[in-house]
Amino acid sequence: MMRLKPVGSMAAILQALALGLCCIGSASVMAQNTAPAGDVVSHGGRAISAESPMVRQPIPGKTMTAAFMVLKNHTDSDETLTSASARWAGRIELHTHKHENGVMKMRQVDSIKVPANGSVTLQPGGLHLMIFDVQQPLPATVGGELPLELCFSKSGCLSYQAKLVDLRNMVMPGKEGHHQPMAM
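Rules used in this analysis
Residues numbered from 1 in each chain as written. Predicted model: local features only at pLDDT ≥ 70, side-chain atom pairs only at ≥ 80, totals over all residues. Heavy atoms only, no water. Disulfide = S-S within 2.5 Å. Buried < 20%, exposed > 50% of the residue type's maximum accessible area, 1.4 Å probe, protein only. Salt bridge = Lys/Arg side-chain N within 4 Å of Asp/Glu carboxyl O. Helix = DSSP H or I, 4+ residues; strand = E, 2+ residues; numbered from the N terminus. pLDDT = per-residue confidence, 0-100. Contact = heavy atoms within 4.5 Å.

**A word on the state of the cysteines**
Phase 1: Inspection of every chain in the model, using the stated rule, returns 1 disulfide.
Phase 2: Here Cys151 is linked by a disulfide to Cys157, with a sulfur-sulfur distance of 2.1 Å. Taking the sign of the torsion about the S-S bond as the criterion, the disulfide between Cys151 and Cys157, at about 105°, is right-handed. Neither Cys151 nor Cys157 differs from the other in exposure class; each is buried.

**Details of the pattern of salt bridges**
Phase 1: Scanning the model with the defined rule gives 6 salt bridges in all.
Phase 2: Where Arg107 meets Glu100, a salt bridge forms, and the shortest distance between an N and an O atom there is 3.2 Å.
Phase 3: Relative accessible area serves as the criterion here: at 15%, Arg107 is assigned to the buried category.
Phase 4: Residues joined in a network through salt bridges with shared partners are Arg91, Glu93 and Asp133.

**What about the environment of Met130?**
Phase 1: For Met130, the position within the fold is in strand β10 (residues 128-134).
Phase 2: When its relative accessible area of 1% is taken as the criterion, Met130 is described as buried.
Phase 3: Sequence separation between Met130 and Glu93 is 37 residues; the distance between their C-alpha atoms is 5.2 Å.

**Regarding the confidence of the model for the protein**
Phase 1: Looking at the protein as a whole, the pLDDT averages 76, with 66% of positions reaching at least 70.
Phase 2: This stretch, residues 1-46, has a pLDDT under 50; its non-local contacts, to residues over four places away or in other chains, come to 129 contacts.
Phase 3: The low-confidence segment residues 176-184, where pLDDT is below 50, has 21 contacts with residues more than four positions distant or belonging to other chains.

Printed below as a string of structure tokens:
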């Protein structure tokens, strides 16, 4: 069952719209393994990789953004992303987009399934990580890396390095060479 939270101000809605209705998930758990972007990490007998993890540089003066990647499950059983966290963010939520009455709406979800020997893409307009209360300034510049912890139901919490990207030049995972520019 999806729970909707009341919005405190029109400014929050406008910030979400300015981000192109795409963003990221929540929890504060320390990771036990660290892997550079794209590497496969084994933990607790499971292996989950994050291909091309990226975080959009926040719009100047704003404290929300989003993260995207392709999660690959290298095991014979389904896995579930249950939360995400980062030292440089107040909270991260798992989100999706749904069409309702001809309008695309962003909604928080409790988890994201990563099928056995399969993958799931976190991207604008679909599943993504919504990041709130972003530290200013960020501990990285565009092109640099930010630590991001992802917690899974079976594999536990794993740490990845996500590239900080300028949203005007963002290339989506699996779409190398195809820019997905965002209208500002």
